[in-house]
Amino acid sequence: MAGTLHVVWAFSSWPLDSRAEFASAVVGVEESQLPSRPLTLAVAGLLVVASWLVVTGARPANRLAASRLVRVGLWTVFGVMSIRGLGGLVVSGLGLGGAPAEFRHGDLLLYSPLCIVLGCLTGYVAARTRRHRMSPQGRA
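The notes below deal with the structure included here. What you see is a predicted model, and the numbers here were worked out from it, not measured in a lab.

**What to know about helix 4 (residues 68-93)**
Consideration 1: Spanning 26 residues, helix 4 covers 37 Å between terminal C-alpha atoms, matching the ideal 38 Å at 1.5 Å per step.
Consideration 2: Every buried residue belonging to helix 4 is among Val70, Arg71, Gly73, Leu74, Val77, Met81, Ser82, Gly85, Gly88 and Ser92, and all of these are buried.
Consideration 3: Positive phi appears at Gly95, one or two residues downstream of helix 4, with a value of about 70°.

What follows is the structure, encoded as structure tokens:
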């Protein structure tokens, strides 16, 4: 879902009427400082990869679930989302950084809490995704 939104945002200002409004409310910058289309699409791609990691890690029957790549990826997603969420609460809550009030409001109400929830859920999946070693009796 978040990846899809970033693809939409690479080409439009939906749900707002203009790029200037979008820049202020959703990104917290002036229109001239909006990330480029390729950068926005790269973020969309990373969000798709993060989603794949979570789905893969959440399915223990999947052989890749306990792979080192998936486990490291899950902990990376956990860290990035948690830092974004907690950092957003601090920066927007204390009014640091000079973002417009409209963005700070959205950041405190939606963006940062969503990142924290996604980070915590990813951390839960990561903690449950362990490399299973076989015991001498053949049980994991």
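**A word on the packing of helix 1 (residues 2-11) against helix 3 (residues 37-57)**
Consideration 1: Look at helix 1 against helix 3: their axes get within 8 Å of each other, and the N-to-C directions meet at 170°. Taken together, the axis directions place helix 1 and helix 3 in an arrangement best described as roughly antiparallel. Only Arg37, Thr40, Leu41, Val43, Ala44 and Leu47 of helix 3 make contact with helix 1, whose side of the interface consists of Ala2, Gly3, His6, Val7, Trp9, Ala10 and Phe11.
Consideration 2: A per-class count over the contact of helix 1 with helix 3 returns nine nonpolar, three polar and one charged.

**Focus: the pattern of salt bridges**
Consideration 1: For the coordinates displayed, the defined rule picks out one salt bridge.
Consideration 2: Ionic pairing is found between Arg84 and Asp107, a salt bridge with its closest N-O pair at 2.8 Å. Residue Arg84 is found in helix 4, and its partner Asp107 is found in helix 5 (residues 101-128); the two are separated by 23 residues along the sequence.

So, how was this worked out
- Residues numbered from 1 in each chain as written.
- Predicted model: local features only at pLDDT ≥ 70, side-chain atom pairs only at ≥ 80, totals over all residues.
- Heavy atoms only, no water.
- Helix = DSSP H or I, 4+ residues; strand = E, 2+ residues; numbered from the N terminus.
- Expected span 1.5 Å × (residues − 1).
- Buried < 20%, exposed > 50% of the residue type's maximum accessible area, 1.4 Å probe, protein only.
- Axes fitted to C-alpha atoms, helices over the stretch in contact; angles between N-to-C directions.
- Parallel < 35°, antiparallel > 145°, perpendicular 65-115°, else oblique.
- Contact = heavy atoms within 4.5 Å.
- Nonpolar A, V, L, I, M, F, W, Y, C, P; charged D, E, K, R; others polar.
- Salt bridge = Lys/Arg side-chain N within 4 Å of Asp/Glu carboxyl O.

Interpretation in functional terms is not warranted from these geometric data alone.
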